[in-house]
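Here are the chains, one letter per residue:
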Amino acid sequence: MTSPGTPEVSTDVVERFQPTSGRLPGAIGLLTAAIVLGLAVWPRSTGTPLGVAIVACFGALVTWLVLLRPALWVTEHDLVLRNILTTTYVPLAAVDRVLTTQVLTVTAGERRFISPVVGYTLRQNVTGRNRDAKAPSAVDTYQVFVEERILFHADTARERLRITKGSAEQQALASGVRRALAWPEIAGLAGLALVFVAWFFAH
């Protein structure tokens, strides 16, 4: 809750960027884990099937964290990078540079933040290093489109705040980066690991 006279900060999504790797591998991983879990639970045994069921749950959680949880979007004030176990909120006006290699790297002040959501494949990286290759544009690749859209939102945020790129005011905004841990997922990983260890020593 905000105090009287304090403007509310909107967390509504202005633009969301789709992962370049797609969501299909993650969906297949979850489906596989669900099938294994069903087959393990069916015998209703506390022996090996229970151990397999615990591993299947752990695998499903890891699949979610690695392949499905990472996301990248823009709100009115922040660039949000949701990674495996953290979510980072970078003030848009503080963004200096955006570069895509195998991952997306955002620079704000002297700090760099990485998102695995958008990136080039190894083949695309090799092709991009070819000196004779034409520099890709937003029309050519989705990765460049994402870079340009983030920079557009950053420029818009600076115009709204009436600050210039490279100014002391912009550098000061970089100290406003916030990071939140994915506590439910962390607790799930720790809990499943402890349950498996207890099962292992019990058998």
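Values in this document were obtained by computation on a predicted structure and should not be read as measured data. (Residues numbered from 1 in each chain as written. Predicted model: local features only at pLDDT ≥ 70, side-chain atom pairs only at ≥ 80, totals over all residues. Heavy atoms only, no water.)

**Examining a nonpolar patch on the surface**
- On the surface, Phe58, Val62, Val66, Leu67, Ile84 and Leu85 cluster together into a nonpolar patch covering about 420 Å² of accessible area.
- Following the sequence through the fold, Leu85 ends up in the loop between β3 (78-82) and β4 (86-91).
- By relative accessible area, which is 31% here, Leu85 ends up partly exposed. (Patch = residues over 30% accessible without salt bridge, like charges linked within 9 Å, V, L, I, M, F, W, Y side chains within 5 Å. Areas by Shrake-Rupley, 256 points an atom, 1.4 Å probe, with all protein chains shown as cover. Salt bridge = Lys/Arg side-chain N within 4 Å of Asp/Glu carboxyl O. Helix = DSSP H or I, 4+ residues; strand = E, 2+ residues; numbered from the N terminus. Buried < 20%, exposed > 50% of the residue type's maximum accessible area, 1.4 Å probe, protein only.)

**A closer look at helix α4 (residues 142-161)**
- In this model α4 runs 29 Å from its N-terminal to its C-terminal C-alpha over 20 residues, within 8% of the 28 Å that 1.5 Å per residue would give.
- Gln143, Val144, Val146, Glu147, Ile150, His153, Ala154, Ala157 and Arg158 are the residues of α4 that are buried.
- Immediately beyond the C-terminal end of α4, within one or two residues, lies Arg162, with a positive phi of roughly 60°. (Expected span 1.5 Å × (residues − 1).)

**Some remarks on the pairing of β4**
- Summarising burial for β4: 5 of the 6 residues are buried, a large majority.
- Two elements, β3 and β4, share 5 bridges in a ladder whose sense is antiparallel. Each residue of the ladder has a partner; that of Arg82, found in β4, is Thr87.
- Two successive antiparallel strands, β3 and β4, enclose a turn made up of 3 residues. (Pairing = 2+ DSSP bridges.)

**So, the nonpolar core**
- Judged by nonpolar contacts, the single largest core of 24 residues is most densely connected at Leu72, Leu79, Val90, Leu104 and Ile150.
- Elements with a minimum of two residues in this core: β2 (71-74), β3, β5 (95-100), β6 (104-108) and α4.
- The element that contributes the greatest number of residues to this core is α4, accounting for 4 residues.
- Apart from the residues within four sequence positions on either side, Leu79 is in contact with Leu72, Trp73, Val74, Thr88, Tyr89, Val90, Leu92, Val106 and Ile150. (Core = buried A, V, L, I, M, F, W, Y, C linked by side-chain atoms within 4.5 Å. Contact = heavy atoms within 4.5 Å.)

**Quick word on the packing of helix α2 (residues 48-68) against helix α6 (residues 183-202)**
- Running from N to C, α2 and α6 cross one another at 160°; their axes reach a closest spacing of 10 Å. By the angle class used here, α2 and α6 are roughly antiparallel. In terms of crossing hand, the pair formed by α2 and α6 is left-handed. From α2, Thr48, Leu50, Gly51, Ile54, Val55, Cys57, Phe58, Leu61, Val62, Trp64 and Leu65 reach across to α6, where they touch Glu185, Gly188, Leu189, Leu192, Val195, Phe196 and Trp199. (Axes fitted to C-alpha atoms, helices over the stretch in contact; angles between N-to-C directions. Parallel < 35°, antiparallel > 145°, perpendicular 65-115°, else oblique. Left-handed = near helix turned anticlockwise from the far one by under 90°.)

**So, unusual backbone geometry**
- Even without being a glycine, Arg162 presents a positive backbone phi close to 60°.
- Tracing the chain through its elements places Arg162 in the loop between α4 and α5 (168-173).
- For Arg162, a relative accessible area of 80% corresponds to the exposed category.

**Side note on the confidence of the model for the chain**
- Here the chain averages 88 in pLDDT, while 87% of its residues score no lower than 70.
- Counting interchain partners and residues more than four positions distant, the pLDDT-below-50 stretch residues 1-7 has 1 contact. (pLDDT = per-residue confidence, 0-100.)

**Some thoughts on the pattern of salt bridges**
- Considering all chains together, one arrives at 4 salt bridges under this definition.
- Measuring nitrogen to oxygen at the nearest pair gives 3.4 Å for the salt bridge that ties Arg178 to Asp78. Of this pair, Arg178 sits in strand β8 (residues 178-181) while Asp78 sits in strand β3, and the two are 100 residues apart along the sequence.
- Owing to a relative accessible area of 41%, Arg178 belongs among the partly exposed residues under this scheme.

**Thoughts on the environment of Lys165**
- Tracing the backbone through its elements, the reader meets Lys165 in the loop between α4 and α5.
- C-alpha separation for the pair Lys165 and Ala154, spaced 11 residues apart in sequence, amounts to 9.5 Å.
- The contact partners of Lys165, leaving out residues within four places of it in the chain, are Asp96, Arg158 and Gln170.
- At a separation of 3.0 Å, a polar atom in the side chain of Lys165 contacts the main-chain carbonyl oxygen of Asp96. (Polar contact = N/O pair within 3.5 Å; in protein donor to acceptor, adjacent residues only side chain to side chain.)

**Looking at the packing of aromatic side chains**
- One pass over the structure, following the stated rule, counts 4 aromatic pairs.
- Here Phe200 and Phe201 contribute two aromatic rings whose centre-to-centre distance is 5.6 Å and whose plane-to-plane angle is 85°, an arrangement assigned as edge-to-face.
- By relative accessible area, Phe200 is classed as partly exposed at 48%.
- Judged by its relative accessible area of 67%, Phe201 falls in the exposed class.
- Three or more aromatic residues joined by ring pairs make a cluster, and in this case those are Phe196, Trp199, Phe200 and Phe201. (Phe/Tyr/Trp six-rings, centres within 6.5 Å; stacked < 30°, edge-to-face > 60°.)

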